[in-house]
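Topology and contacts: notes
Each chain, letter by letter, is given below.
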Amino acid sequence: QVQLVESGGGLVQPGGSLRLSCAASGSIFSIYAMDWYRQVPGAQRELVAGITSSGSTNYEDSVKGRFTIARDNAKNTVYLQMNSLKPEDTAVYYCSARLAIRFGVLSDYWGPGTQVTVSS
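Keep in mind it's a predicted model, so treat the numbers as computed, not measured.

Calculation rules
- Residues numbered from 1 in each chain as written.
- Predicted model: local features only at pLDDT ≥ 70, side-chain atom pairs only at ≥ 80, totals over all residues.
- Heavy atoms only, no water.
- Core = buried A, V, L, I, M, F, W, Y, C linked by side-chain atoms within 4.5 Å.
- Buried < 20%, exposed > 50% of the residue type's maximum accessible area, 1.4 Å probe, protein only.
- Helix = DSSP H or I, 4+ residues; strand = E, 2+ residues; numbered from the N terminus.
- Contact = heavy atoms within 4.5 Å.
- Patch = residues over 30% accessible without salt bridge, like charges linked within 9 Å, V, L, I, M, F, W, Y side chains within 5 Å.
- Areas by Shrake-Rupley, 256 points an atom, 1.4 Å probe, with all protein chains shown as cover.
- Salt bridge = Lys/Arg side-chain N within 4 Å of Asp/Glu carboxyl O.
- Disulfide = S-S within 2.5 Å.
- Pairing = 2+ DSSP bridges.

With that out of the way, let us pick up the nonpolar core. Of all hydrophobic cores here, the largest spans 27 residues; its most connected members are W36, L80, M82 and Y93. At the level of secondary structure, the elements contributing two or more residues to this core comprise β3 (18-25), β4 (30-39), β5 (46-52), β7 (67-72), β8 (77-82), β9 (91-102) and β11 (114-118). If one sorts the elements of this core by residue count, β9 sits on top with five residues. Setting aside anything within four residues of it in sequence, one finds Y93 in contact with E6, L20, W36, Y37, R38, V48, F67, L80, M82, G113, T114 and V116.

Here it is as structure tokens:
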């Protein structure tokens with residue numbers, strides 16, 4: 001009964017900043033990776049940023065230098081700091097986690113998504 005809950009989305013002007021948070025709760029043995037995806041109507045869901053349990057990160061090319069992903073392992077939480085936001089960043093942002101609920105069993109989990117709108 002693992003749950004992911006995103007927060008921090010909303011309306012922001014171009015050039016502004018937002019910080020998204022995603023907290024995992026429930027019966028969690030360990031979290032191996034946490035990712036942020038985004039999706040707009042009519043398009044494929046795309047990976048925005050990811051971070052592994054060891055701290056390795058990767059970013060989609062269009063957000064490099066503007067977005068930063070980080071983890072707080074003690075809180076089972078992942079963050080996405082978004083700076084210099086552009087209208088094309090507008091999307092529903094989803095949190096995803098690959099985790100184990102017991103030793104030797106891995107599964108992927110998803111949050112319900114949070115809307116980010118960049119507009120003046």
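Additional details are given in the paragraphs that follow.
The next thing to look at is a nonpolar patch on the surface. A cluster of nonpolar side chains, F29, Y32, F103 and L106, forms an exposed patch at the surface whose accessible area comes to about 490 Å². By secondary structure assignment, the location of Y32 is in strand β4.

Further remarks concern the state of the cysteines. Scanning all chains against the criterion turns up one disulfide. Here C22 engages in a disulfide with C95; their sulfurs sit 2.1 Å apart. Taking the sign of the torsion about the S-S bond as the criterion, the disulfide between C22 and C95, at about -80°, is left-handed. Residue C22 is located in strand β3, and its partner C95 is located in strand β9; the two are separated by 73 residues in the primary sequence. Considered together, C22 and C95 belong to a single accessibility category, that of buried residues.

Moving on, we come to the pattern of salt bridges. Between side chains of opposite charge, a pair can form as their charged atoms come close. Using the criterion set out here, one finds five salt bridges in the structure. Among the ionic pairs, K64 bridges to D61, the shortest N-O distance being 3.1 Å. For K64, a relative accessible area of 48% gives the class partly exposed. Its relative accessible area of 58% is what places D61 among the exposed residues. Each of R38, E46, R66 and D89 takes part in a single network of salt bridges with overlapping partners.

It is worth spelling out the pairing of β4 at this point. Counting buried positions along β4 gives seven out of 10 residues, so the element sits mostly inside the fold. Bridge count for β4 against β5 is six bridges, and the pairing is antiparallel. Paired with M34 across the strands is I51, a residue of β5. Linking β4 to β5, which pair antiparallel, is a turn of six residues; within it G42 sits at a positive phi near 85°.

All right, on to the side chain of S96 then. In this fold, S96 is placed in strand β9. Take S96: its relative accessible area is 6%, and that puts it in the buried class. For S96, the residues in contact, after removing those within four places along its chain, are L4, A33, M34, D35, Y37, Y109 and W110.

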